[in-house]
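Per-entry structural report
Next come the chains, spelled out residue by residue.
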Amino acid sequence: MPGGRGFSTVGGVPPRPPDATHVERLSEVGRYALGVLWGDKHDSILPYRHLRLTCPCEACGAAAPTAPAPDAERPVKLELIGGRSIFIGWADGHETILLLDELRDLCRCARCAGEPDYPISGR
Ligand SMILES: [Zn+2]
Ligand SMILES: [Zn+2]
């Protein structure tokens, strides 16, 4: 795929290489976190609680961000949708759909937190 043309950037966020938002493998890290191996070989460990708090649905957006019940941070179903999103079914019956791009944004590893590989807008 030559160049990176054809991306439509929204909100000034530069596009990532496609590999960076391609999920190679999902795994369980301990009992409380999701492990994601990305197409660019990056490894993310994302606590379920964090994923649940990030749920972009209307119900969660309206609710006050309180500490969720244990069932609310225990996924019973994890599924990739069309290679672009991830579906999470929680034990309390709630469902979360996140874009893989958003999922990658949640990575707080030393590399992602300390070395942003894109320029901060406004310099
Ligand atoms: Zn929600
Ligand atoms: Zn990272």
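The shown structure was predicted, so the numbers you read here are calculated from the model rather than taken from an experiment.

Details of the coordination of the zinc ion (ligand 1)
Only Cys55 (SG), Cys57 (SG), Cys60 (SG) and His94 (NE2) from the protein coordinate the zinc ion (ligand 1), and they sit 2.0 to 2.3 Å from it. Considering all four donor atoms around the zinc ion (ligand 1), angles at the metal cover 101 to 118° and the coordination shape is tetrahedral. Read in sequence order, the donor residues for the zinc ion (ligand 1) give the motif C-x1-C-x2-C-x33-H. With Cys55 in the loop between helix H1 (48-54) and helix H2 (58-62) and His94 in the loop between strand S5 (85-90) and strand S6 (95-99), this residue pair connects regions lying 39 residues apart in the sequence.

Things to note about the coordination of the zinc ion (ligand 2)
Taken together, the protein ligands of the zinc ion (ligand 2) are His42 (NE2), Cys107 (SG), Cys109 (SG) and Cys112 (SG), with distances of 2.0 to 2.3 Å. Viewed at the metal, the four donor atoms of the zinc ion (ligand 2) are separated by angles of 100 to 122°, and the geometry they form is tetrahedral. Going along the chain, you hit the donors of the zinc ion (ligand 2) in the pattern H-x64-C-x1-C-x2-C. Judged by relative accessible area, Cys112 falls into the partly exposed class, the value being 27%.

Thoughts on the sheet that holds strand S1 (residues 23-29)
Overall, antiparallel pairing links the three strands, which are arranged S1-S2-S3 in an open sheet. Taken across any chain shown, the strands that pair with only one partner, and hence form the sheet edges, are S1 and strand S3 (43-47). Geometrically, the sheet is characterised by an average inter-axis angle of 20° between neighbouring strands, direction not taken into account. Where strand S2 (residues 33-38) and S3 come together, five bridges link them in antiparallel fashion. Bridging from a neighbouring strand, Val36 pairs with Ser44 of S3.

Criteria and thresholds
Within every chain, residues take consecutive numbers counted from 1 along the sequence as written. To label them, take the chains in the order written and letter them from A, then take the ligands in the order written and number them from 1. Local features in this predicted model are restricted to residues of pLDDT 70 or higher, and side-chain atom pairs are both shown and tallied only at a pLDDT of 80 or more, whereas totals for entire chains, interfaces and linings draw on every residue. Side-chain metrics rest on all non-hydrogen atoms present in the structure, leaving aside hydrogens and water. The donor set covers N, O and S atoms within 2.8 Å of the metal, switching to 3.2 Å for Na, K and Ca, and it leaves out water, so a site may look short of donors. Tetrahedral means four donors with every angle between 85 and 135 degrees, whereas square planar (four donors) and octahedral (six donors) require angles over 155 degrees between opposite donors and between 65 and 115 for all others; sites fitting neither are termed irregular. A run of H or I in DSSP becomes a helix once it reaches four residues, and a run of E becomes a strand once it reaches two; helices and strands are each numbered from the N terminus. In this scheme, a residue with accessible area under 20% of its type's maximum is buried, one over 50% is exposed, and one in between is partly exposed, where area comes from a 1.4 Å probe on protein chains only. In this description, strands pair whenever DSSP reports at least two bridges between them. With axes taken as lines fitted to C-alpha atoms, and helix axes fitted only over the stretch in contact, angles between N-to-C directions fall between 0 and 180 degrees.

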